[in-house]
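# Architecture and fold: a report
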Amino acid sequence: MPARSAAARAGSAAPELLTIGQVLARLKPEFPDLAGSKLRFLEERELVTPVRTASGYRKFSPSDVERLRVILGLQRDHYLPLKVIKEYLADLDAGREPTLPGGGEAPKPSILGRERRYTRDETVRAAGATPMLLSDAVSSSLLPATDSYGEDSVAVLRALVELQRSGIEPRHLRTFRATAEREVGLIESALMPVSRRGDATSKAKATELAREIAGHLETIRSQLIRSAIGRLDT
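Read on for a plain summary of the structure. One numbering rule holds for all chains: residues counted from 1, following each sequence as written. Given that this is a predicted model, residues contribute local features only at a pLDDT of at least 70 and side-chain atom pairs are listed and counted only at 80 or more, while totals for whole chains, interfaces and linings are drawn from all residues. Here the side-chain values reflect all heavy atoms present in the structure, with hydrogen atoms and water set aside.

Let us now look at the overall build of the chain. What the chain contains, in helices and strands, is 10 helices and four strands. Secondary structure of the chain in N-to-C order comes out as α-α-α-β-β-α-α-β-α-α-β-α-α-α. Residues are treated as being in contact if the distance between any of their heavy atoms lies within 4.5 Å. Look at the contacts in the chain between residues 6 or more apart in sequence, and 61% of them connect residues 24 or more apart. With the model as given, the accessible surface of the chain reaches about 14600 Å², and the carbon-plus-sulfur share is 57%. Helix and strand definitions follow DSSP, with helices as H or I runs of at least four residues and strands as E runs of at least two, each counted in order from the N terminus. Computed by Shrake-Rupley with a 1.4 Å probe, the accessible areas treat only the displayed protein chains as cover when residues are assessed.

Here you go:
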């Protein structure tokens, strides 16, 4: 049997390339709302660069899939706009050790990049909380009523543990949910010109714009709180 050419041998060692449909099949269990339009939008914003076949079809490498997992996780768990995520990934690509706004490390691309899920008991233990505090957080609409939680929920429960030490209970924070709903209404009104177009690309753009607006609102809210606290010292 004749020996294979170097090109053939190289081709056999090349990583598996995936279609958009295959990428969606891998990521949808973690990100149920993910759609092909979202992947195309992320490519348009140059956060991921799949190769193109001679016929023009997109093909994603395993590293592209892990990069997408990090991007989507940062959006879902840290509510970061794509501009910030792009800067984070650029630093990561350059070999630096970037941190997220406000400090802390974000997940890096890895074959083990899936977010850990915690049972209710594990969530309580990881946060140093009690089952009663978790129940109070759920009844106060600060956490969802579910059988498993992610890292973001553990962080919320840890914060509630610390607040409880100062006498602040979940029931005192019920207005946070109402405030959040009002802000969502404000964001929806701002997005109306984009979202009314109805096409998939516009929907992806509206989602990203919503995150950017939410980030700006968070900046203003944080500054108002800091200013109010500053007045306590006078």
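Back to the text.
Turning next to the nonpolar core. Note on terminology: a nonpolar core comprises buried Ala, Val, Leu, Ile, Met, Phe, Trp, Tyr and Cys residues joined through side-chain atoms within 4.5 Å. Throughout this description, buried means an accessible area under 20% of the type-specific maximum (1.4 Å probe, protein chains only), exposed means over 50%, and partly exposed covers the range between. Among the nonpolar cores identified, the biggest contains 27 residues, and V23, L27, L68, I85 and L89 are the most heavily contacted of them. Counting residues per element, the ones that place at least two in this core are α2 (20-27), α3 (36-44), α4 (62-78) and α5 (82-93). Of all the elements, α4 adds the most residues to this core, at six residues. In contact with L68, not counting residues within four places along its chain, are V23, L27, L39, L42, V48 and F60. Formed by 16 residues, the second largest nonpolar core is a distinct cluster that contains Y118, V124, L143 and V161.

The next subject is the pattern of salt bridges. By salt bridge we mean one thing: a side-chain nitrogen of Lys or Arg within 4 Å of a carboxyl oxygen of Asp or Glu. The tally for this structure, following the rule as stated, stands at 13 salt bridges. One salt bridge connects R67 with D93, and the closest N-O pair in it is separated by 3.0 Å. In this pair, R67 is assigned in helix α4 and D93 in helix α5, connecting sequence segments 26 residues apart. When its relative accessible area of 18% is taken as the criterion, R67 is described as buried. A salt bridge links R96 to D91; the nearest nitrogen and oxygen atoms lie 2.8 Å apart. Take R96: its relative accessible area is 47%, and that puts it in the partly exposed class. Residue class for D91 comes out partly exposed when judged on its relative accessible area of 27%. Salt bridges sharing common partners tie together E30, E66 and R69.

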